[in-house]
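Survey of secondary and tertiary structure
As a plain string of letters, each chain reads:
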Amino acid sequence: MARWGVVIVLIYALVAVLTPLLVQLGWLPDPNAGLQNPIYAPPSPAHWCGTDRLGRDVCVRTLSASGVALQVVALALVVALIVGVPLGMVSGYLGGWVDRLLVLLMDTLYTLPVLLLSVVLAFLLGRGLPNAAAALCVVYIPQYFRVVRNQTAQVKAELYVEAARSLGAGPAWILRSYLFRNVITSVPVLLTLNAADAVLVLGGLGFLGLGLPETIPEWGGDLQQALTALPTGIWWTALYPGLAMFVLVLGLSFLGEGLESWLSGNAQTGRAAR
C-alpha cells in the first residue's frame, strides 16, 4: 500500500511541477482562457476532457488544480507541525498549569467538527491561498499537539532523561536533544492521513465558495460549477475533477496506512529482539 501511495503522490507532484511550465511554454492552454472555445464541448482530440461553461479546458484545469491542492495542503500541514509539535512537547514535559491551559485550549478546538471549523475560519479570513491554508492548519494543530504531548509525557520518565536532568541539563536541551527524536516517530503517519483529509476539506470549502478565488483552478470550485450542468447530461465537467481528488486522497491514505503498518511491524520486531 505504501508503494502505491508513493507512486500516486509522486505522479501528482510531477504534474504539479510540469503543468505550469507547459502552460508558460504554450504547450498547454491557459486554464482560465476559454473565450475562443465552445462551451460544454464534450471530450475530443482538441479537448481531451471537454470544456466547461466558460469554454475552459477541463483537463488543464484539473491538472493545474493538482498543484494548487498540494501547495495549500503542504503549507497548512507544515504550519500545523511547526505550531503543534513544540506546544505538545512543552505541555507534556512541563506539566502543571501550562499543561492544563494548553490541553483545555486544544481540546476545545479538537471537539469542533473539522469541516465546520474550517468553514467558519475561511468565512472570517476570506478567499485566498494563504487564507485557505490558515483555515486548514488551525484544524490540525490539536491533533499533533495531543499525539506529541502523550508521547512526551511517557518519554520524560525514562532513565536517560532523569540522568540528563540530574547532570544539570535544562528543559530546552532535554527537549531538543533527547525528547524530540523519540516523540516525532508517530508524526509521519498522522501527517499523511491528515493530508488526505485536508484535500477533502479544501474541496469542501471550494464547493461552498469559501476556498480559493475563481481565477485559481480548484477541484471543489469546479465541482460546484459542474453541479448545475450534470442533470443535463454534461458529465465531464464533474467526472475529472472528482476523480483527480479521489485518486489523490486514495494515494495519501495508502501511504499513511502503509507507514503505520511498517512502523508497527518495526516496533513489534524491536520488542521481540529485546
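Our subject is the structure listed above.
Residues numbered from 1 in each chain as written. Predicted model: local features only at pLDDT ≥ 70, side-chain atom pairs only at ≥ 80, totals over all residues. Heavy atoms only, no water.

1. Regarding the side chain of Asp 57
Selection rule: Numbering of helices and strands runs from the N terminus, with a helix taken as a DSSP run of H or I at least four residues long and a strand as a DSSP run of E at least two residues long. Type-normalised accessible area, obtained with a 1.4 Å probe on protein chains alone, sets the label of each residue: buried when under 20%, exposed when over 50%, and partly exposed for intermediate values. In this tally, Lys and Arg are treated as positive and Asp and Glu as negative; His is ignored, and so are the chain termini. The salt bridge definition used is simple: a Lys or Arg side-chain nitrogen within 4 Å of an Asp or Glu carboxyl oxygen. Pairs of N or O atoms within 3.5 Å make up the polar contacts considered here, provided that, within protein, one atom can donate a hydrogen while the other can accept it, and that residues adjacent in sequence are counted only when both atoms are side-chain atoms. For this analysis, residues touch if any pair of their heavy atoms sits within 4.5 Å.
You can see Asp 57 is positioned in the loop between helix H1 (2-25) and helix H2 (58-94). Although Asp 57 is buried, it makes no salt bridge; Arg 61 carries the closest opposite charge, 8.8 Å away. Separated by 2.8 Å, the side chains of Asp 57 and His 47 make a polar contact. From its side chain, Asp 57 meets the backbone nitrogen of Val 60 in a polar contact 3.0 Å long. Contacts of Asp 57, omitting those with residues within four sequence positions, involve Pro 29, Ala 46, His 47 and Gly 50.

2. Describing the packing of H2 against helix H5 (residues 129-155)
What counts here: Only C-alpha atoms enter the line fits that serve as axes; for helices the fit covers just the stretch in contact. Angles between N-to-C directions range over 0 to 180 degrees. For a crossing to be left-handed, the near helix must be turned anticlockwise from the far one by less than a right angle; the clockwise case is right-handed. Under the scheme applied, nonpolar residues are Ala, Val, Leu, Ile, Met, Phe, Trp, Tyr, Cys and Pro; charged residues are Asp, Glu, Lys and Arg; polar residues are all the others, including Gly.
Close contact between H2 and H5 brings their axes to 6 Å; oriented N to C, the two are set at 30°. Crossing of H2 over H5 shows right-handed handedness. In terms of residue class, the contact of H2 with H5 is made up of 23 nonpolar, six polar and one charged.

3. Focus: the pattern of salt bridges
Enumeration according to the criterion identifies four salt bridges in this entry. The salt bridge partner of Asp 99 is Arg 149, with a shortest N-O separation of 2.6 Å. Note that Asp 99 is positioned in helix H3 (residues 96-111) and Arg 149 in helix H5, a separation of 50 residues in sequence. Using a relative accessible area of 22% as the deciding quantity, one classes Arg 149 as partly exposed.

4. Concerning the packing of aromatic side chains
A ring pair, where both rings are aromatic, is described by two values, the distance of the centres and the angle of the planes. Basically, it comes down to this: For this analysis, a ring pair means two rings from Phe, Tyr or Trp (six-membered ring only for Trp) whose centres lie within 6.5 Å, classed as stacked if their planes differ by under 30 degrees, edge-to-face if by over 60, and tilted for the remaining angles. Look at NZ for Lys and CZ for Arg. If either is within 6 Å of the ring centre and within 35 degrees of the ring normal, a charge sits over the ring.
Inspection of the entire model under this criterion finds three aromatic pairs. Ring geometry for Trp 235 and Trp 236: centres 5.6 Å apart, planes at 85°, overall edge-to-face. Looking at Trp 235, the relative accessible area reads 41%, which means it is partly exposed. Exposure remark for Trp 236: the relative accessible area of 8% places this residue in the buried category. Above the plane of the ring of Tyr 110 lies Arg 146, whose end atom (NZ or CZ) is 4.1 Å from the centre.

5. Some thoughts on the nonpolar core
Note the cut-off: By convention a nonpolar core is built from buried Ala, Val, Leu, Ile, Met, Phe, Trp, Tyr and Cys residues, the set being connected through side-chain atoms within 4.5 Å.
Val 72, Leu 136, Tyr 140, Leu 179, Val 199 and Trp 219 are the most contacted members of the largest nonpolar core, which has 56 residues in total. Take this core: its biggest share by element is 12 residues, from H5. If near-sequence neighbours (up to four positions away) are discounted, Tyr 140 is found in contact with Leu 77, Ala 80, Val 114, Asn 194, Asp 197, Ala 198 and Val 201. By size, the runner-up hydrophobic cluster in this structure holds six residues, among which are Cys 49, Val 58, Cys 59 and Ala 229.

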